[in-house]
Amino acid sequence: MPKCPFCGAELNHLVVHELVCTKHAYKVHSNGQWEWQYDDEKGREYTVFCPECYEEIPLHNCISDVEDFLDEEYIILRSDDPEIKRKGGLALFRGKVYKVIDESDDGLLYLELVEDETVADIIGAGLE
Amino acid sequence: MPKCPFCGKEIEYLHSWYQEVTRYIVSLDEDGNLQWEQDFVSDSEALETDVCPHCERHIPIHDDTEEFLKERYVVLRPDDPEIEARKDNFIIFRGRVYKIDEGESSPDLLILRLVEDELVADIIKTDVENSQMERCPNVLSAGRR
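Residues numbered from 1 in each chain as written. Chains lettered and ligands numbered in written order. Predicted model: local features only at pLDDT ≥ 70, side-chain atom pairs only at ≥ 80, totals over all residues. Heavy atoms only, no water.

(A) Inspection of the sheet that holds strand β7 (residues 108–113) of chain A at higher detail. Residues and elements named next belong to chain A. Pairing is antiparallel across the open sheet formed by five strands, whose spatial order is β3-β7-β6-β5-β4. Of all the strands in the sheet, the pair left with one neighbour each is β3 (74–78) and β4 (84–87). Taken pair by pair, the neighbouring strands of this sheet meet at an average axis angle of 35°, ignoring direction. Strand direction decides the pairing type here: β4 and strand β5 (residues 90–93), joined by four bridges, are antiparallel. In the strand pairing of β5, Lys-85 is matched with Leu-92. (Pairing = 2+ DSSP bridges. Helix = DSSP H or I, 4+ residues; strand = E, 2+ residues; numbered from the N terminus. Axes fitted to C-alpha atoms, helices over the stretch in contact; angles between N-to-C directions.)

As structure tokens, then:
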């Protein structure tokens with residue numbers, strides 16, 4: 001189960017806010033009647049939150065990363081997380097090997113699972 | 001048809017932007033498929049209203065939007081070329097008499113309210129045109145020909 005990088009809670013779900021912006025047109029006809037017309041133009045923004053501490057989880061590609069995050073294929077952790085063993089661009093977390101794909105200024109590590117089991121075993125042995 | 005004080009284009013309608021937030025609980029089911037459960041939907045909230053559909057700038061309409069679209073309430077730049085004459089608090093714009101709302105106007109934008117009473121409007125119009133003619137006799141007479 002993934003963990004929140006902020007409160008450390010184990011997460012079996014995430015909270016996602018979808019913000020939809022819609023453009024409306026206000027029209028007044030020559031006979032004095034007015035109407036609202038709804039435009040199809042819509043902008044959508046998604047934000048992901050931890051359901052426990054309600055901090056925003058800064059996924060890179062919000063929607064496509066949600067599934068990978070819940071699957072623990074893409075995780076975000078604090079660089080000082082006690083469960084991480086790190087060596088350069090690789091990290092061992094709960095027995096799985098991850099590649100460090102980004103490290104933010106505020107101390108967050110963005111990790112991607114190394115899927116190839118043989119490679120992961122070789123790297124993992126070096127990290128143990 | 002009213003005009004935008006910024007881009008000068010004729011406006012048939014005004015745009016408004018609204019936002020709505022939907023909250024989902026997202027989890028994986030037993031087969032590892034993503035499940036989206038809608039948890040809450042907020043009311044629609046106005047982000048920005050009275051936006052020109054051409055230049056997308058907000059037009060400061062302090063009155064009813066309908067009054068603006070019917071040209072009973074006009075927002076104009078002081079140097080708008082369609083202002084035919086101006087005297088004190090009154091302006092003739094597109095042949096109609098408007099009173100400047102000094103409380104809402106700024107140095108960059110004039111807020112005008114239509115003088116609805118036809119008799120009063122005619123008296124003001126004549127007065128404004130006469131004083132304009134005294135100052136610049138050729139302008140109005142040329143326009144009338």
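(B) Seen up close, the nonpolar core. Judged by nonpolar contacts, the single largest core of 19 residues is most densely connected at Leu-11, Leu-14, Val-48, Ile-57, Leu-59 and Ile-76 of chain A. For this core, the secondary-structure elements that each account for two or more residues are β1 (13–28), α1 (62–70), β3 and β7 of chain A together with β1 (13–28) of chain B. For this core, the element with the most residues is α1 of chain A, which contributes four residues. When residues are assigned to domains, this core turns out to be shared by domain 1 (13–57) and domain 2 (59–128) of chain A, each giving three or more. The residues touching Leu-11 of chain A, leaving out its near neighbours within four places in the chain, are Met-1, Pro-2, Lys-3, Cys-4, Cys-50, Pro-51, Glu-52, Ile-57, Phe-69 and Leu-70 of chain A. (Core = buried A, V, L, I, M, F, W, Y, C linked by side-chain atoms within 4.5 Å. Buried < 20%, exposed > 50% of the residue type's maximum accessible area, 1.4 Å probe, protein only. Domains from an automatic or database assignment. Contact = heavy atoms within 4.5 Å.)

(C) Expanded view of the confidence of the model for chain B. All names here are of chain B. The share of residues in chain B with pLDDT of 70 or more is 90%, and the mean pLDDT across the chain is 86. Long-range and interchain partners of residues 139–145, a stretch whose pLDDT sits below 50, account for five contacts in this model, where long-range means more than four residues apart. Across the interface, the model reports ipTM at 0.81; the global pTM reads 0.69. (pLDDT = per-residue confidence, 0-100.)

(D) The arrangement of the pairing of strand β6 (residues 90–93) of chain B in detail. Residues and elements named next belong to chain B. Judged from the four bridges that link them, strand β5 (residues 83–87) and β6 form a sheet pairing that is antiparallel. Paired with Lys-87 across the two strands is Phe-90, which belongs to β6. Between β5 and β6, which follow one another and run antiparallel, lie two residues, and Asp-88 among them has a positive phi close to 50°. Pairing of β6 with strand β7 (residues 96–100), which is carried by four bridges, proceeds in the antiparallel orientation. Bridge pairing links Ile-92 to Val-97 in β7. The antiparallel pairing of β6 with β7 creates a hairpin that spans two residues between the two strands, and Arg-94 there sits at a positive phi of about 50°.

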